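Examining the three-dimensional arrangement
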Amino acid sequence: MVDTREVKQFRGAWPVAGVVAGAAGLATSYFIAGAMSVRTAPVTAVADLVVRLTPGSVAESLIGQVGHADKPLVLTGILVVSALLFAWAGSLSRRSWAPALVFLGLAVVAGIGVALERGSSTSDYVPIAVGFVTWLVALSLLTEPLRAVAPTAVPVGAGGSVDLLEPAPDQSAGHSRRAFLVRSSIIVIGAALVAGAGRVVGAGRRQVEQARSALRLPQVTKPVIPDGAQIGLDGIVSWEVPAADFYLIDTAFVKPSIEPANWKLRIHGAVDHEITLTYQELIDRKFTEDWITLNCVSNPVGGDLVGNAWFSGVRLADILAEAGPQAGADAVLQTSDDGWTCGTPLAALTDDRNAMLAVAMNGEPLRVEHGFPVRTVVPGLYGYVSACKWVVDMEVTKFSKISAFWTERGWGEMGPVKIASRVDVPRSGEEVDAGDVDFGGVAWMQHTGISGVEFSVDGGAWQKAEIGAAAGIDSWVQWRGQASVDSGDHKVTVRAIDADGNVQTSAVVDVLPDGATGLQTQHFTAS
Ligand SMILES: Nc1nc2c(c(=O)[nH]1)N[C@H]1C(S)=C(S)[C@@H](COP(=O)(O)O)O[C@H]1N2
Ligand SMILES: [Mo]
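Here goes a summary of the coordinates provided. (Residues numbered from 1 in each chain as written. Chains lettered and ligands numbered in written order. Predicted model: local features only at pLDDT ≥ 70, side-chain atom pairs only at ≥ 80, totals over all residues. Heavy atoms only, no water.)

**Section: the packing of aromatic side chains**
What describes a pair of aromatic rings is the distance from one ring centre to the other and the angle between the planes of the rings. Formally: Any pair of Phe, Tyr and Trp rings, taking the six-membered ring for Trp, is counted once the centres come within 6.5 Å. Such a pair is stacked with planes under 30 degrees apart, edge-to-face with planes over 60 apart, and tilted for the rest. The criterion for a charge sitting over a ring is simple: Lys NZ or Arg CZ within 6 Å of the ring centre, and within 35 degrees of the ring normal.
Enumeration according to the criterion identifies 15 aromatic pairs in this entry. Each member of the aromatic cluster is reached from another via a ring pair, and the members are Y382, Y384, F405, W406 and W411. Over the ring of F405 we find R409, and its NZ or CZ is 3.8 Å from the ring centre.

This is the structure:
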C-alpha cells in the first residue's frame, strides 16, 4: 500500500516531466538543425515569427528601450513561454494524452515560423519533426513510472483510502520515484550532450559562413539585368532568381562545410598533365561571367525546378586544355566533397560554351547549399549530369568505364536539356476579370536559345506571344500575351520555339529517364 504523501509528492513530478521532455525535444531539434546545416533552427524561426507579428511601432519602441538586448530577450521570452507550456503539458498528461496536442501546437507554430523564412525548404522541417517525436518519447518514458503510482481514477483522500489500480508488485512508490529520477537524469544529461554536440556540429558551418562573408572576389561583377528582359507582367517569376529563392536539389543530408582555404580540385585521369587547383589559384585566373538558366531533369511540365542566375567563375575549357585530355576520352567524372558523382560529356566542358567552375551567383559568393566554395555550371545540360556542387575531383575518362550517382539509378547518360515553357499568369485555379486577359511566363532552351513563344486559349489557334530580351542563348526568356475571354472556365496552353525553329512537342514524356516533354495547360476562371 502506498503512502498518500508519496502520491502527493509525485504531483509535482508531472510538470517536471513535461519540462524535461520539452527540453529534450528542443535539444534534438537544435542538434539536427546544426547537423543538417539548416539555416534557421526552429526556435530562431519562431523568434523571427514573433518579431514579424509584433506591430512595427511596438517593436520599435521595445527595441528602443532594450537596445541590442532585443534578440536575446525575444529568445529568452520564447524559452520561458515554452517551459511553461511544457510544464502545463506535463500536468495534463496525468489525465490524458492531450499534452501531445500542446506539443503538436508548438511544433505547428515552429513550422509556420520556418515556412515564413525566406528560402526555406522541406528539409528545414526535419528538426521540428525530430523534436516533436523526442517530446512524445521522452514524455511517455517519464510519465510511465508516475502512472504506476498515480491512477488518475482515484481521487486521493476521497473515501479515505487510496486504492491503487493493480500496481505491479515491485512498483512501489519508492521504486517508481527512483525510476522517474533515473529516467529524468538520463534524459537531462542526454539532452545536454546532444545540445552540446549540436553546437560543435554547427560550428563548422558557422566558420564557413564567416569565411564566406570575409571573401573578396574582385573579378566578380554585380548582375545587371539586360534591358527588356523583364517583360513587366506581375506574377511572372523574376527574370533573375535571387539565390535565396533558387531551387535546391541534392542528396546531401548534411551540406558540406568547406572553407575556401581547405578547398582543392584535382583534375586527373586520361590527361597529359594532372592539375591540382587551390581556391586562391582558381580565383587568380581569368574569370568568365554569364546569365545561365539551370534546371533539374526531374522538373515536371510546368514545374519550378528551374532558375536563372548570373554565374561568375573560371572557364573549364581553359583549365582542361592545360590538363590535355587524351584521345578517346569522352567523359569527366565529377565528384563532390559529399561523395556524390556525375558523368559529364567532355565535349560540353571543352567547346565554346561557358562551362565553368563557378564561385559566385548573382554577384555574391555561392551559398553553402548551392555548392560553396566551388561548383560546376554547364549551360545546356541538366544539373544531374553537370552542375556538381562542392566539386573536389574531376577524372577525365570514358563513359564506357564509369557510372555515376543518377545514371546508376536509370537516368540518361548525356542529359542535354529539352525545350520547355511555362505559364505563370494566370495561376491554375485563378479567377480573372472577363475581357482582355494577360498571359505570361517563361521559356527556355539553354545553349540554343528561344526564338518565339505561342499560346492557345481554349484549344484555339496558336497566337504569337511577345518575348523579352534574352541575355544570349543560355538564359530563359519571359513571355506575355493577351486574349479576350468571356466569363466562364478557360484554359491556356503554351509552347516555345527554339532558335533553330524547332517547336516544343506536345508529346507527353515522363521525367525519367532524361527529362519531361509535353505542353503545360493552365486552367482559370473569368467572371
Ligand atoms: N554534390 C551534389 N551536387 C549536385 C547534386 C547533388 O545531389 N549533389 N544535384 C544535382 C542536381 S540533380 C541539380 S538539378 C543541381 C541543382 O543545383 P541547385 O541545388 O544549386 O539548384 O545540382 C546538381 N549538383
Ligand atoms: Mo536535378
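**Side note on the sheet that holds strand β5 (residues 331-336)**
Formally: When DSSP locates at least two bridges between a pair of strands, those strands are taken to pair. Runs of H or I in DSSP of at least four residues are treated as helices and runs of E of at least two as strands, each being numbered from the N terminus. With axes taken as lines fitted to C-alpha atoms, and helix axes fitted only over the stretch in contact, angles between N-to-C directions fall between 0 and 180 degrees.
Reading across the sheet, the 5 strands line up as β2-β1-β10-β5-β6 and stay open at both edges, with mixed pairing between neighbours. Lying at the two open borders of the sheet, with one neighbouring strand each, are β2 (275-278) and β6 (341-345). Across the sheet, the mean angle separating the axes of adjacent strands is 15° when strand polarity is ignored. Here strand β1 (residues 264-269) pairs with β2 via 4 bridges, running antiparallel. The partner of R266 across the bridge, within β2, is T276.

**Brief notes about the pattern of salt bridges**
Test applied: The salt bridge criterion pairs a side-chain nitrogen of Lys or Arg with a carboxyl oxygen of Asp or Glu, the two atoms within 4 Å. Working definition: with a 1.4 Å probe on protein chains only, accessible area under 20% of the residue-type maximum means buried, over 50% means exposed, and in between means partly exposed.
Under the definition given, this model contains 16 salt bridges. Its salt-bridge partner being R205, residue E209 comes within 2.8 Å of it at the nearest N-O pair. You can see E209 and its partner R205 sitting in helix α8 (residues 173-214), 4 residues apart, about one turn around the helix. Its relative accessible area of 9% is what places R205 among the buried residues. Across the pair E369 and R205 runs a salt bridge whose closest N-O atoms are separated by 3.6 Å. Remark: R205 occurs in helix α8 and E369 occurs in the loop between β8 (364-365) and β9 (375-377); sequence separation between them is 164 residues.

**A look at the side chain of H268**
Defined as follows: Side-chain atoms alone can form a polar contact between residues adjacent in sequence; in general such a contact is a pair of N or O atoms within 3.5 Å, and within protein one must be able to donate a hydrogen while the other accepts it. The contact criterion used is simple: two residues touch if any of their non-hydrogen atoms lie within 4.5 Å.
Topologically, H268 is positioned in strand β1. A polar contact is formed between the side chain of H268 and the side chain of D393, at a distance of 2.8 Å. Excluding residues that lie within four positions of it along the chain, H268 makes contacts with E274, D393, M394, E395 and V396.

**Some words on the site of ligand 1**
Going by this rule: Near is defined per residue: the residue qualifies when any heavy atom it owns lies within 4 Å of the molecule or strand. With residues, only the protein chains shown are counted as cover, and all accessible areas are computed by Shrake-Rupley using a 1.4 Å probe.
Around ligand 1 sit 19 residues in total, of which Y247, T251, H370, R375 and K389 are the nearest. Between an oxygen atom of ligand 1 and a main-chain N or O atom of T251, the distance comes to 2.9 Å. Residue K389 places a side-chain N or O atom 2.5 Å away from an oxygen atom belonging to ligand 1. Relative to its unbound accessible area of 530 Å², ligand 1 is 99% covered by the protein chains.

**Describing the packing of helix α2 (residues 13-35) against helix α7 (residues 126-149)**
The geometry of a pair of packed helices is captured by two quantities: the angle between their axes and the separation between those axes. Our working rule: In these notes the angle categories are as follows: under 35 degrees is roughly parallel, over 145 is roughly antiparallel, 65 to 115 is roughly perpendicular, and the rest is oblique. Two helices cross in a left-handed way if the nearer one is turned anticlockwise from the farther one by less than a right angle. They cross in a right-handed way if the turn is clockwise. Ten residue types, Ala, Val, Leu, Ile, Met, Phe, Trp, Tyr, Cys and Pro, are classed as nonpolar, four, Asp, Glu, Lys and Arg, as charged, and the remainder, Gly among them, as polar.
Running from N to C, α2 and α7 point in directions that differ by 155°, and their axes come no closer than 7 Å. Between α2 and α7, the crossing angle belongs to the class labelled roughly antiparallel. The handedness of the crossing between α2 and α7 comes out as right-handed. When its residues are assigned to classes, the contact of α2 with α7 shows 17 nonpolar, 8 polar and 1 charged.

**Focus: the nonpolar core**
This is how the line gets drawn: Joining through side-chain atoms within 4.5 Å is the link that ties buried Ala, Val, Leu, Ile, Met, Phe, Trp, Tyr and Cys residues into a set, and such a set is a nonpolar core. Start and end points for every domain follow an automatic or database-based domain assignment.
By size, the foremost hydrophobic cluster in this structure holds 101 residues, and its most contacted members are L282, L357, V359 and F439. Among the elements that make up this core, the one with the highest residue count is strand β7 (residues 356-361) (6 residues). The two domains that each donate at least three residues to this core are domain 2 (260-409) and domain 3 (420-526). With sequence-adjacent residues up to four places away left out, V359 is seen in contact with L217, Y279, L282, I283, F287, S312, G313, E364, P365, L366, P373 and V374. Residues A17, I128, W135 and F180 belong to the second largest nonpolar core, which totals 29 residues.

**Some thoughts on the packing of α2 against α8**
One can describe the packing of α2 onto α8 by two numbers: an axis separation of 8 Å at closest approach and a directional angle of 25°. Between α2 and α8, the crossing angle belongs to the class labelled roughly parallel. In the packing of α2 onto α8, the handedness of the crossing is left-handed. Of α8, the residues touching α2 (which contributes A13, V16, A17, V20, A23, A24, A27, T28, Y30, F31, G34 and A35) are F180, S184, I187, V188, A191, V194, A195, A197, G198, R199, V201 and G202.

Take it as geometry only, folks, not as evidence of what the structure does.
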